Amino acid sequence: MLILERTKSHKLLMLESIVRRLPKSSSNYPNFHDMYRKAKAGYAGELHVDWLWQEMHFPFPNFLFHNLELVNEAGHSHQIDSLYLTPYFACVLEIKNIAGRVSFNDTTRQFIRVTPDGRVDGLLNPVDQVLRHERFIRKLFKQNNINLPIKSLVVISYPSTIISDTSSNCHIIHREGLPQIIEQFLKQYQEEVSPNHQLFELAKTIQSLNRPKKWIPEISIDSLKTGVLCPSCFFNERMFFLKGDWFCKVCGMCDNAAFSLALQDYRRLKNEFITNQILYRIWCTHS
């Protein structure tokens, strides 16, 4: 049973609006565009893994949470890509959409990626990320008198990525291997640890603890472009309202949906409320 669907994070939504509104001439543009590119790729990778769950059907209650955000006793966030609960075991997933060749070093705790063009990058280790989440979930289970075994899983979503060195701390697989690894866990844990009613209560508790985090960008809102921007001109030109339609004087495109997009950007970046004065004199442009 799917409890939490995969949705775009608040950070990705904010970055979508910022990249549309921030002039490309701004010194901040490359940084925000790079953040947007990475967040968008990560979300796409998670979606590619999600559809595999749709092919898995089991004759027992099971609960799936995507984009689960929990807060620990120190006030720190645990952004868990996916959490899977069964009466036999639980599984915490960290999903990475990374191209190239990747290796994991248990001694140095390093995660190294060699890009297709030969560049060597040291990245945040997803093994340590998922093990951190596992420790928190284990503590949460203990607080609720649950003794479910917990498996940690790093899923590489990019299909051509080569995994050269793995880790002994958790399973690391390509996304196509997800159904097989879940079947393997079911063979490993055949004793029902958590009765159905207890599992239902646990799922409800976890759902109630979900706290999606808002991302606040370090950027001056005054540096962003206002108005209804033309999608056909890559949001570089402002559109004008004439005879009931929004059109672009540069390319001639007529697109009334661009007005809704402008309101969406305003709500994300400035305020959930807007006055008629701001709407017609500041944020929008009339012919």
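Residues numbered from 1 in each chain as written. Predicted model: local features only at pLDDT ≥ 70, side-chain atom pairs only at ≥ 80, totals over all residues. Heavy atoms only, no water.

### Digging into the packing of aromatic side chains
- Here the structure, examined in full by the defined rule, presents 10 aromatic pairs.
- Ring plane angle 65 degrees and centroid distance 6.3 Å describe the contact between Tyr84 and Phe89, whose orientation is recorded as edge-to-face. The residues Tyr84 and Phe89 share a single accessibility class, namely buried.
- In textbook terms, an aromatic cluster arises when at least three aromatic residues are bridged by ring pairs, as seen for Trp53, Tyr84, Phe89, Phe185 and Tyr189.
- The cationic tip of Arg20 hangs over the ring face of Phe235; the distance from NZ or CZ to the ring centre is 5.7 Å. (Phe/Tyr/Trp six-rings, centres within 6.5 Å; stacked < 30°, edge-to-face > 60°. Buried < 20%, exposed > 50% of the residue type's maximum accessible area, 1.4 Å probe, protein only. Lys NZ or Arg CZ within 6 Å of the ring centre and 35° of its normal.)

### With respect to the sheet that holds strand 4 (residues 90–96)
- Ordered in space as 1-2-3-4-8-10, the 6 strands form an open sheet in which the pairing is mixed. Edge positions in the sheet fall to strand 1 (2–4) and strand 10 (171–174), since each has one partner strand and no second. Between one strand axis and the next, the sheet turns through 30 degrees on average, direction left out of account.
- Bridging between strand 3 (residues 77–85) and strand 4 involves 4 bridges; their strand directions are antiparallel. Looking at the pairing, Leu83 lines up with Val92 of strand 4.
- Of the strands in this sheet, strand 3, strand 4, strand 8 (150–156) and strand 10 touch helix 4 (residues 178–188), which is tilted by about 145 degrees from strand 10. (Pairing = 2+ DSSP bridges. Helix = DSSP H or I, 4+ residues; strand = E, 2+ residues; numbered from the N terminus. Axes fitted to C-alpha atoms, helices over the stretch in contact; angles between N-to-C directions. Contact = heavy atoms within 4.5 Å.)

### Topic: helix 4
- Three or more residues of helix 4 are buried, namely Leu178, Pro179, Ile181, Ile182, Phe185 and Leu186. One side of helix 4 carries all its buried residues, which in axial view fall inside an arc of 165 degrees. Opposite the packed face of helix 4, turned more than 90 degrees from it, sit the exposed residues Gln180 and Lys187.
- If you follow the buried residues of helix 4, they end up packed against helix 2 (29–53), strand 3, strand 4, strand 8 and strand 10. (Arc of directions from axis to C-beta.)

### A closer look at the environment of Lys8
- Inspection of the secondary structure assignment puts Lys8 in the loop between strand 1 and helix 1 (10–21).
- The sequence separation of Lys8 and Ile181 amounts to 173 residues, and the corresponding C-alpha distance is 27 Å.
- Beyond its immediate chain neighbours, meaning those up to four positions away, Lys8 contacts Leu13, Glu16 and Tyr43.
- Among the polar contacts made by the side chain of Lys8, one reaches the side chain of Glu16 at a distance of 2.7 Å. (Polar contact = N/O pair within 3.5 Å; in protein donor to acceptor, adjacent residues only side chain to side chain.)

### A word on unusual backbone geometry
- The backbone of Phe235 shows a phi angle near 65 degrees, a positive value even though the residue is not glycine.
- Note that Phe235 resides in the loop between helix 5 (196–209) and strand 11 (240–242).
- Accessibility expressed as a relative area gives 19% for Phe235, which makes it buried.
- In this structure, Lys243 takes a positive phi of about 55 degrees despite not being glycine.
- Summarising the element assignment, Lys243 is placed in the loop between strand 11 and strand 12 (245–247).
- Residue classification places Lys243 among the exposed residues on the basis of a relative accessible area of 80%.

### Some points on the pairing of strand 3
- Across the 9 residues that make up strand 3, a large majority, 7, are buried.
- Strand direction decides the pairing type here: strand 2 (residues 63–71) and strand 3, joined by 8 bridges, are antiparallel. In the sheet register, Val71 faces strand 3, and the bridge partner there is Ser77.
- Where strand 2 folds back on strand 3, the antiparallel hairpin that results is connected by 5 residues, among which Gly75 adopts a positive phi of roughly 85 degrees.
- Hairpin remark: strand 3 followed by strand 4, antiparallel, with 4 residues in the connecting loop.

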